[in-house]
Each structure stands twice: as structure tokens, then as C-alpha cells.
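Spelled out from the first residue to the last, the chains are:
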Amino acid sequence: TLQDEDEWVDEMREPYRTQSWKLIEENSQYIDAFISVSEYYSELFKKRVSVPDNKISVVFNSICLTDMNSKPEIADHTIGYMSKINSIYGADILFDAFLILKKEEQNKKLKLKFTGGYTDDHKKVVKAIKKKIKQNGLEEDVIFHDRFCSEGKEDFLKSVSIMCVPSRRKGGFGMFLLEAFANEIPAVMPEHGAYPELIN
């Protein structure tokens, strides 16, 4: 299965990056078939690794719908962000956009909710966002939802009215979009990577 290998390989220093893609290409002859999670990622992989078209099939990821419940009415609109909380996936972009929206009279009750956690590498981004929250008196309007287990995620999805992860990275998929759509939550996403494909 192919999904976001470029995220790891392209982060390597040279000559290791080129060597790694070369090793993947050389060993691809021993693979009978590749399954890509999107058309976008299938095309990206073929650009990195020379494999024939008929060796790659696209099969989208999926989620289980048996436990999905009807979405409750939300009194105040809440923008949801469900991914790693870092600049790669645009947490800082979303917060700055939220600041602009909050200045408009019709958005006074608008809220923003982050979930997905973050690593030590991205504490600076989270710290910068929290500093801006305090500076703008938005402690009641911006929430960090720390419970990312299945029940915590379910609670999060019930509490947001629109999903937005303005990723700088061109993702090969986006499970959070399937989860949002399954919970009747529309999404606003960048027009790159697999996001337009999934939305369409």
C-alpha cells in the first residue's frame, strides 16, 4: 500500500534521499501490485519511482460507519482542526484566519477547536498560538481538545460545524475528511494534494 512515503524519504539529506528512492525503484520489480490511496499519490509515486501504470491500482481508504450517530445541532459555529498541530498542516494559518474572522460582527460567537496532538518538534508553534490567544483575549473561544482516543474523537466531531486543515503539505489522503463527512461536517481545504479528489 502506498501512502505518504515521500513525507519521510524527502526529509532525508542527500545522498540518502536519492539512494532511498533508487532502492525502492530497484526493489519494485519484486512487487506484483501496488495499491495507492488516491490518484494524486499514484501519480506522485510514479514520478519518483519508475513503475508501469498497470502495476498501480487506486483504492481509497475507508472508515466504519456502523457506530455513527446523528449529529446534534450546534448553537455557535465551531471550526474544527483534526491533525497534528503544527505548521506543516497549517495550524498557525488557521489560527491567523480565525483572528481575522473574529473581527467581523457576525462572527463574534465563532469558536475554534484543535485536536490531534503535537510532538516536541512543534511545541513552538503551539506556544505561539497560545500566546496570541492570550493577547487577543480568546481563551473562551479557542479550545485544545486533548482526548484523541475513539471516544474523544467522537466528542470532538459532534462539537464542530466545519472542518479545516489548511495543510502546507500536499497530503496523499486525509482520513479526517472521511470522518468529517460521515458526521455531516463540511470541509474547507487547500486545492492541492489529494484533498480536491476526496472532496469531489
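Our subject is the structure that appears above.
Because the structure is predicted, anything quoted here is derived from the model rather than measured.

Each value, and the rule that gives it
Numbers given for residues are sequential positions, taken from 1 along each chain in its written order. Local features in this predicted model are restricted to residues whose pLDDT is 70 or higher, and side-chain atom pairs enter the listing and the counts only when it is 80 or higher, whereas totals over whole chains, interfaces and linings include all residues. Calculation of side-chain values draws on the structure's entire complement of heavy atoms; hydrogens and water are dropped beforehand. Labels follow the DSSP assignment, with helices taken as runs of H or I lasting at least four residues and strands as runs of E lasting at least two, numbered in each case from the N terminus. Throughout, exposure labels follow a simple rule: accessible area from a 1.4 Å probe, protein chains only, divided by the maximum for the residue type, with under 20% read as buried, over 50% as exposed, and the rest as partly exposed. Residue contacts follow a heavy-atom distance rule, with two residues in contact if any of their heavy atoms lie within 4.5 Å. Areas reported here follow the Shrake-Rupley algorithm with a probe of radius 1.4 Å; residue values treat only the protein chains shown as occluding. In this count, Lys and Arg are taken as positive residues and Asp and Glu as negative ones, while His and the chain termini are left out. Here the site of a charge means atom NZ of a Lys, CZ of an Arg, CG of an Asp or CD of a Glu. Strands qualify as paired when DSSP identifies two bridges or more between them. Whenever Lys or Arg places a side-chain nitrogen within 4 Å of a carboxyl oxygen from Asp or Glu, that contact is recorded as a salt bridge. For Phe, Tyr and Trp, where Trp contributes only its six-membered ring, two rings pair if their centres lie within 6.5 Å, and the inter-plane angle classes them as stacked under 30 degrees, edge-to-face over 60, or tilted in between. We count a charge as sitting over a ring when the NZ of a lysine or the CZ of an arginine lies within 6 Å of the ring centre and within 35 degrees of the ring normal. What is meant by a nonpolar core is a set of buried Ala, Val, Leu, Ile, Met, Phe, Trp, Tyr and Cys residues, joined one to another through side-chain atoms within 4.5 Å. Working definition: the arc comes from the directions between the helix axis and the C-beta atoms, pointing outward to the latter.

1. Quick word on the overall build of the chain
Piece 1. Secondary structure assignment for the chain yields eight helices and seven strands.
Piece 2. Taking the principal axes of the C-alpha coordinates as reference, the chain spans close to 60 × 40 × 30 Å.
Piece 3. Looking at the 200 residues of the chain, the share that counts as buried comes to 41%.
Piece 4. Sequence-distant contacts, at least 24 apart, represent 67% of the contacts inside the chain between residues at least 6 apart.
Piece 5. Surface accessibility of the chain: about 12000 Å² in total, with carbon and sulfur atoms responsible for 51%.
Piece 6. Of the charged side chains in the chain, 28 are positive and 33 negative, and the gap between their average positions amounts to 7 Å.

2. Structural notes on the sheet that holds strand 7 (residues 187–188)
Sheets are built from strands paired through backbone hydrogen bonds, the pairs being either parallel or antiparallel.
Piece 1. Judged by pairing direction, the sheet is parallel, and its five strands sit side by side in the order 5-4-3-6-7 without closing on themselves. Two strands in the sheet have a free side with no partner beyond their single neighbour: strand 5 (142–145) and strand 7.
Piece 2. The pairing of strand 4 (residues 111–115) with strand 5 spans four bridges and is parallel. Note on strand 5: the bridge partner recorded for Lys113 is Ile143.

3. So, the pattern of salt bridges
Piece 1. Scanning the model with the defined rule gives 15 salt bridges in all.
Piece 2. Here Asp10 and Arg48 are joined by a salt bridge, their closest N and O atoms 2.6 Å apart. Residue Asp10 is found in the loop between helix 1 (5–9) and helix 2 (16–27), and its partner Arg48 is found in helix 3 (residues 39–48); the two are separated by 38 residues along the sequence.
Piece 3. The closest approach of N and O atoms between Lys123 and Asp120, which form a salt bridge, is 3.1 Å.
Piece 4. Of the residues examined, Lys123 reaches a relative accessible area of 46% and is grouped as partly exposed.
Piece 5. Under the relative-accessibility criterion, Asp120 is labelled exposed at 61%.
Piece 6. Counted as one network, the salt bridges with shared partners bring together Asp4, Asp6, Glu7 and Arg169.

4. Some remarks on the packing of aromatic side chains
Piece 1. Applying the stated criterion across every chain, the model contains six aromatic pairs.
Piece 2. Between Phe114 and Phe144, the aromatic rings sit 5.1 Å apart at their centres with planes inclined by 20°, giving stacked as the arrangement. Remark: Phe144 occurs in strand 5 and Phe114 occurs in strand 4; sequence separation between them is 30 residues.
Piece 3. By the ring-pair criterion, three or more aromatic residues cluster together here, those being Tyr81, Phe114 and Phe144.
Piece 4. Directly above the aromatic system of Phe144 lies the positively charged group of Lys130, at a separation of 4.9 Å from the ring centroid.

5. A word on the nonpolar core
Piece 1. Phe95, Phe114 and Val142 are the most contacted members of the largest nonpolar core, which totals 35 residues.
Piece 2. At five residues, helix 4 (residues 91–102) tops the list of elements feeding residues into this core.
Piece 3. In this structure Val142 touches Phe95, Phe98, Leu112, Phe114 and Ile133, once residues within four positions along its chain are discounted.
Piece 4. Counting residues in each nonpolar core, the second largest holds 10 residues, with Leu2, Val9, Trp21 and Phe45 among its members.

6. Quick notes on the side chain of Ser38
Piece 1. Take Ser38: it is sitting in the loop between strand 1 (34–36) and helix 3.
Piece 2. When its relative accessible area of 0% is taken as the criterion, Ser38 is described as buried.
Piece 3. Contact partners of Ser38, with chain neighbours within four places excluded, come to Val58, Phe60, Gly172, Ala194 and Glu197.

7. Brief notes about the environment of Ala182
Piece 1. By the secondary structure assignment, Ala182 is in helix 7 (residues 175–182).
Piece 2. For the pair Ala182 and Ile31, spaced 151 residues apart in sequence, the C-alpha to C-alpha distance is 34 Å.

8. Digging into helix 6 (residues 150–159)
Piece 1. Buried within helix 6 are the following residues: Gly152, Phe156, Leu157 and Ser159. Summarising the axial view, the buried residues of helix 6 lie within an arc of 165°, below the 170-degree limit, and thus occupy one face. What points out from helix 6, more than 90 degrees from its buried face, is the exposed set Ser150 and Glu151.

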